[in-house]
Amino acid sequence: MKRTTVSTLLLLVAIGAAGAGLLQAVLASVGRPIIIPPFTLPVALAAIGVIVVLMAVPISRMVRGTSSPRGPVDPFYATRVAMLAKASALGGGLLTGGGIGLLVYLLSRSVAPGVGSLGLTIAALVGAGVLLAGGLIAEFMCRIPPDADNDDDKPLRASPEA
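Quick caveat, the model's predicted, so the values are computed rather than measured.

Attention shifts here to helix H1 (residues 6-29). The end-to-end C-alpha distance of H1, which contains 24 residues, comes to 34 Å, matching closely the 34 Å that a straight helix rising 1.5 Å per residue would cover. Taken together, the buried positions of H1 are Leu-9, Leu-12, Val-13, Gly-16, Ala-20, Gly-21 and Gln-24. Just past H1, the residue Gly-31 takes up positive phi, approximately 85°.

Bringing the nonpolar core into the picture now. Grouped burial of nonpolar side chains is what soluble globular proteins tend to show. If you look at the biggest cluster of nonpolar residues, it comprises 12 residues: Val-52, Val-53, Ala-56, Ile-59, Val-63, Ala-78, Val-81, Ala-82, Ala-85, Ala-138, Met-141 and Cys-142. Among the secondary structure elements, those contributing two or more residues to this core are helix H2 (40-64), helix H3 (75-108) and helix H4 (115-141). With five residues, the single largest contributor to this core is H2. Once residues lying within four places of it in the same chain are set aside, the contact partners of Ala-85 are Val-52, Gly-135, Ala-138 and Glu-139.

Turning to the side chain of Gln-24, a few remarks are in order. Within the secondary structure, Gln-24 is located in helix H1. A residue is classified by how much of its surface remains accessible, and Gln-24, at 0% relative accessible area, is buried. Leave out the neighbours within four places in its chain, and Gln-24 touches Ile-34, Ile-35, Leu-102 and Tyr-105.

So, about H2. Helix length check: H2, at 25 residues, gives a terminal C-alpha distance of 36 Å against a target of 36 Å (1.5 Å per residue), a fit within 8%. The largest bend in H2 is about 30°, located at Ala-56, with the proline Pro-58 one to four residues further on. When H2 is considered as a whole, its buried residues turn out to be Pro-42, Leu-45, Gly-49, Val-52, Val-53, Ala-56, Ile-59, Ser-60 and Val-63. Residues of H2 that are buried make contact with H3 and H4. Just past H2, the residue Gly-65 takes up positive phi, approximately 80°.

Another aspect to go through is the environment of Ala-46. Residue position: Ala-46 is located in helix H2. Residue classification places Ala-46 among the partly exposed residues on the basis of a relative accessible area of 23%. For Ala-46 and Gly-127, which are 81 residues apart along the polypeptide, the C-alpha to C-alpha distance reads 4.8 Å. Setting aside residues up to four positions removed in sequence, Ala-46 forms contacts with Gly-127 and Val-130.

What follows covers the confidence of the model for the protein chain. Overall, the predicted model of the protein chain reaches an average pLDDT of 86, with 86% of residues at or above 70. Considering each helix and strand of the protein chain separately, the mean pLDDT is smallest for H2, with a value of 92, and largest for H1, with 94.

All right, on to the packing of H3 against H4 then. Between H3 and H4, the shortest axis-to-axis distance is 7 Å and the interhelical angle comes to 160°. As judged from the angle between their axes, H3 and H4 are roughly antiparallel. Here the hand of the crossing between H3 and H4 comes out left-handed.

Calculation criteria
Residues numbered from 1 in each chain as written. Predicted model: local features only at pLDDT ≥ 70, side-chain atom pairs only at ≥ 80, totals over all residues. Heavy atoms only, no water. Helix = DSSP H or I, 4+ residues; strand = E, 2+ residues; numbered from the N terminus. Expected span 1.5 Å × (residues − 1). Buried < 20%, exposed > 50% of the residue type's maximum accessible area, 1.4 Å probe, protein only. Core = buried A, V, L, I, M, F, W, Y, C linked by side-chain atoms within 4.5 Å. Contact = heavy atoms within 4.5 Å. Bend = angle between axes of the 7 residues up to and from the residue. pLDDT = per-residue confidence, 0-100. Axes fitted to C-alpha atoms, helices over the stretch in contact; angles between N-to-C directions. Parallel < 35°, antiparallel > 145°, perpendicular 65-115°, else oblique. Left-handed = near helix turned anticlockwise from the far one by under 90°.

And the structure:
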């Protein structure tokens, strides 16, 4: 699994922003109520971001040897946490873009938005940013340090006995 790249995150942010802004404009043009994030969304997103980092801490300690009983890293747990971290980073990027799109739409309206809707949108944007940051931090914590015996740049070759 490769690390999440900045270009992938920027693409997801752009897709989320364009999609949320377009959805808001379509909803408003057909007379439907626009989307205002619920107050539980930023709390849930931030909690998930923090939990992902907390799940990666034992792996980071075991790999770097800073935990007192240095034992083998459970590969299944480490893989699950690494995949959850990547999913959190990608989902956080998409939701951050969505929050940006909602905020831009609210600020571009001719009628000033209510303090409640603006505050909830900003809070959702911050929660999505925490999820994105937590996913990236956990992904960094789950990486294997470079080793002299494990050189990923060299192509794998079949043994001469095969």
